[in-house]
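# Structural description and commentary
The chain contents come next:
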Amino acid sequence: MDKLLLLGDEAIAQGAVDAGISGVFAYPGTPSTEITEYIQASKEAKERHIVSQWSSNEKTAMETAIGMSYAGKRALVCMKHVGLNVAADAFINSAITGAHGGLVVVSADDPSMHSSQNEQDSRFYGKFAQIPVMEPSNQQEAYDMTRYAFELSERFGTPVLFRITTRLSHSRSGVKRGDIRPQNELSLPSDLKQFILLPSIARKQYGALLGKQLAFQEESGKSGYNVLYEGSDKSMGIVACGIAYNYLLENYQGREIPYPVLKIGQYPVSRKLVREFYDQVDSILMLEEGYPVLEELFRGIMDEGKPVKGRLDGTVPRAGELNPNIVGSALGMETAEGYPLPSVLRGRPPLLCDGCPHWDSFGALNEAMKDYGPGRVLSDIGCYTLSALKPLESINSCVDMGASVTMAVGVAEAGLTPAVAVIGDSTFTHSGMTGLLDAVNRKVPITVVVLDNSTTAMTGGQDSAGFGKLENIIKGIGVEEEHIRIIKPLRRLHEENVKVFKEELAYDGVSVIIPRRECVQTLARRMKLKHAKKKTTKVNTVK
Amino acid sequence: MKKDIILGGVGGQGILTIATVIGMAALSEGLQLKQSEVHGMSQRGGDVQSNLRLSSDPIASDLIPEGKADMILAVEPLESLRYFNMLNRESGWVITSINPFKNIPDYPPMEEVLAEITKLPRYIIVDADKLAQAQGSIKAANIVVLGAASPFLGLKYDSLENAIRQLFGKKGDDVVELNLKALKAGWEFANHKHKG
């Protein structure tokens, strides 16, 4: 079979389809979005009736997948690293229930924070839940490991965490496919109490999970994803995790690496291989994309074993993603230099698109807020977070999905009123609705602005879960009807819109303003499609 | 054969199309390839880049090491400067469009931007908008820049043409023809410049 040219994300998606999944459950988030999008666009996935509709958030995605696993079928869950925080309750407990049908959870980490608020390392979550973690180094491994992860999940009756980082998620290379495995038949777990985590059952289940730990570790040594490569120079040994292995190879182009290398692609790591590696080297260099997870284990709390170099002693920078140059320097090699960056160079930060409805929404909000002091606008995660930058400089916070509403409640409870929350339609249904219920119950003077561009725009225009339902949701939560205001964010309606903002800011209670206009990106795409369809119809008629 | 190319531009300018054409051409010649892309926040009018690596041997890293790029291929002149640290001092080329994309308030004076590029030993600056317009549409400006880079890519010109036919085929013969002409215009400009 010909090789497919796939992103790391797409290799996981293809691997999952070929492994016989019956569903993928996800909320979009960079750098994980392309996994689900690939399955949604796949003809094969459609023919095989693989469920792939977006979930409202990562927690609902994770729970739906646990349900599918309970029913005996294979399920894939995908999210960005901070999405795993949202899904954490379900995720950690899925380790206790265990899996029935194969259950693989992909968490795409974003070291260097290209599109994120932090660079947390999902391998910690694997350790926390005490389940196996896979970490591929290249696209082919991403494909092969996904298939293996499902098999592993079913063999040990455990969910498997699959960690990938930005560079591999968004880098393309040739991938060779294997055979397509049929989907599982519907089946119930042999123990119908397995998923009931009442304390008495949970204790038993937890005991079973602890009992599997040694087997998980031994499996890492047998699977071929922990490998010890021999080297003649024993003065140093190198531990390379995931994509770090590629950067190591890059520095030895066509030459043999003189040192023993322990390549890690699966956790918990094989103690047998670590022992074999440790005993033959005088010192150790740790190369990890992310936090010094293994480095801390190698050092131990006393750090009195063989000398270890890595992120904790500054051999590798403590923060940020790796690259070939950082790894080259850590190896003590001379690395090439290009030309210095010219002083005339200027930054080009991202900004809202021309014609974006948010320009007009924030234009009106900024003007209405002039009557009050600065520092009262709490916001959220989406394109509109760019309003923090010049020229708008409208917002004062961006913490986590949904935090705009609840932080505004806290700000108002502290006495700074009126407080404003600005949140997108998709983020609102992701995690803003429950916060709005808190606000209504507390009767705090806040104004929630739900910017409704009818899509999940930042990640490329995925469906928004609350489309066509927002007013009813907000009404149902208990916001008074006369204080739910829908406006059209357009420049020519600026004065009118400012007036609406001023009225609701002056109201001593919970009000919601919904500026509603479609995202210009999805609109343009829709028009293009419509145009193309018209064209085809015409051609057909001529024929 | 080994070529490491940094593609630079502003989100929405079509650098991924260039990457796809080069990638298809490289695959048709039996080369290996890795192509790292930028997705997410920067695509909203920010600077975007792609690391494209072609080789007859297996490629290890998805990222090109600093000072090792054989080419910076930019569809915007200020964006070509952003990757100077990546360029190989012994052999690296800068191929860029002269047409600025001014969406920042402090865009530097054009002479200063161009002066930085013309200091380099190997560069081509092409008026891609004008050449694309002359072929029928400014939309093909990115393919003009690709054409200007084509003599230095180490790929057969035919392979690039075939890749364009393959990629744009669905959009109709007019679009294919426009892009083939744009590629040619860029190629001619570079050859003329290079020899002259």
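To keep things clear, this report deals only with the structure shown in the data block. Keep in mind that what you see is a predicted model, and the values were worked out from it rather than measured.

### Thoughts on the overall build of chain A
- Scanning chain A for helices and strands turns up 21 helices and 18 strands.
- Its C-alpha atoms give chain A a radius of gyration of 26 Å, within 12% of the compact-globule value 24 Å for 543 residues.
- Principal-axis analysis of the C-alpha atoms gives chain A an extent of 75 × 65 × 65 Å.
- Counting every position in chain A, which comprises 543 residues, the buried fraction comes to 58%.
- Within chain A, contacts between residues at least 6 apart in sequence are counted, and of these 78% link residues at least 24 apart.
- Surface accessibility of chain A: about 23,100 Å² in total, with carbon and sulfur atoms responsible for 55%.
- Computed over 60 positive and 64 negative side-chain charges, the separation of the two mean positions in chain A equals 6 Å.

### Quick word on the interface of chain A and chain B
- Taken together, the contact between chain A and chain B spans 45 residues of the former and 47 residues of the latter.
- Summed over the shared surface of chain A and chain B, the result is five salt bridges.
- One salt bridge connects A:Arg172 with B:Glu37, and the closest N-O pair in it is separated by 2.8 Å.
- Split into classes, the residues belonging to the side of chain A that touches chain B amount to 22 nonpolar, 16 polar and seven charged.
- Two strands pair when backbone bridges link them, and strand E7 (residues 171–175) of chain A and strand E2 (residues 32–36) of chain B are joined in this way by three bridges, in the antiparallel orientation. Pairing of A:Ser171 across the sheet is with B:Ser36, part of E2(B).

### Some points on the packing of helix H18 (residues 425–442) of chain A against helix H19 (residues 470–477) of chain A
All names here are of chain A.
- Two elements in contact, H18 and H19, have axes whose closest approach is 9 Å; the angle formed by their N-to-C orientations is 20 degrees. The orientation of H18 with respect to H19, classified from their angle, is roughly parallel. In the crossing of H18 with H19, the sense of the turn from one axis to the other is right-handed. On H19, the residues that touch Asp-425, Phe-428, Thr-429, Met-433, Leu-436, Leu-437 and Val-440 of H18 are Leu-470, Ile-473, Ile-474 and Ile-477.
- A class-by-class count of the residues in the contact of H18 with H19 yields nine nonpolar, one polar and one charged.

### Let's talk about the pattern of salt bridges
- Here the structure, examined in full by the defined rule, presents 41 salt bridges over all chains.
- Two residues, A:Arg348 and B:Glu79, come together in a salt bridge whose shortest N-O distance is 2.6 Å. With A:Arg348 in the loop between helix H15 (324–330) and helix H16 (357–369) and B:Glu79 in helix H2 (residues 77–81), this pair bridges two chains. Neither residue differs from the other here; A:Arg348 and B:Glu79 are each classed as buried.
- In this structure, the salt-bridge partner of A:Arg526 is A:Glu518, at a minimum N-O distance of 2.6 Å.
- By relative accessible area, A:Arg526 is classed as partly exposed at 44%.
- Three or more residues joined by partner-sharing salt bridges are found here, namely A:Asp109, A:Asp121, A:Arg123, A:Glu135, A:Arg163 and A:Glu288.

### Digging into the sheet that holds strand E5 (residues 133–134) of chain A
- The strand order across the open sheet formed by six strands is E2-E3-E4-E6-E5-E11 (chain A), and the pairing between neighbours is mixed. Edge positions in the sheet fall to strand E2 (21–26) and strand E11 (266–267) of chain A, since each of these pairs with one other strand and no more.

### A few points about helix H4 (residues 58–70) of chain A
Residues and elements named next belong to chain A.
- In this model H4 runs 18 Å from its N-terminal to its C-terminal C-alpha over 13 residues, within 8% of the 18 Å that 1.5 Å per residue would give.
- Taken as a whole, H4 has its buried residues at Glu-58, Ala-61, Met-62, Ala-65, Ile-66, Met-68 and Ser-69. On an axial view of H4, the arc spanned by its buried residues comes to 160 degrees, and they lie on one face.
- For H4, the capping residue at the N-terminal end is Asn-57, with a side-chain oxygen 2.9 Å from the backbone nitrogen of Lys-59.

What counts, and where the lines are drawn
- In this numbering scheme, every chain counts its residues from 1 along its sequence in written order.
- All chains are assigned letters beginning at A, and all ligands numbers beginning at 1, according to the order in which they are written.
- Under the rules for a predicted model, residues below a pLDDT of 70 receive no local features and side-chain atom pairs below 80 are neither given nor counted, while totals for whole chains, interfaces and linings still include all residues.
- Water and hydrogen atoms play no part in the side-chain values, which are based on all heavy atoms of the structure.
- Going along the chain from the N terminus, every DSSP run of H or I of four or more residues is numbered as a helix, and every run of E of two or more is numbered as a strand.
- Only C-alpha atoms enter the radius of gyration; for comparison, a globular chain is expected to reach 2.2 Å times N to the power 0.38, where N is the number of residues.
- Relative accessible area decides the class of each residue, using a 1.4 Å probe on protein chains only: under 20% of the type maximum gives buried, over 50% gives exposed, and in between gives partly exposed.
- A contact between two residues is defined here by any heavy atoms of the two lying within 4.5 Å.
- With residues, only the protein chains shown are counted as cover, and all accessible areas are computed by Shrake-Rupley using a 1.4 Å probe.
- For the purpose of charge, His is not counted, nor are the chain termini; Lys and Arg are scored as positive and Asp and Glu as negative.
- Taken as the charge location is NZ of Lys, CZ of Arg, CG of Asp or CD of Glu.
- Put simply, a salt bridge is a Lys or Arg side-chain nitrogen that is within 4 Å of an Asp or Glu carboxyl oxygen.
- When residues are sorted by character, Ala, Val, Leu, Ile, Met, Phe, Trp, Tyr, Cys and Pro go into the nonpolar class, Asp, Glu, Lys and Arg into the charged class, and all the rest, Gly among them, into the polar class.
- For two strands to pair, DSSP has to find at least two bridges joining them.
- Only the stretch in contact is used when fitting a helix axis, every axis being a line fitted to C-alpha atoms; angles between N-to-C directions are given from 0 to 180 degrees.
- Roughly parallel here means an angle under 35 degrees, roughly antiparallel means over 145, roughly perpendicular means 65 to 115, and every remaining angle is called oblique.
- Definitions for this section: a left-handed crossing has its near helix turned counterclockwise from the far helix by less than a right angle. A right-handed crossing has that turn clockwise.
- By definition here, a helix of n residues has an expected span of 1.5 Å times n minus one.
- Directions pointing from the helix axis toward each C-beta atom define the arc.
- Contacts described as polar in this section are N or O atom pairs within 3.5 Å, which, within protein, must combine one atom able to donate a hydrogen with one able to accept it, while residues neighboring in sequence count only if both atoms come from side chains.

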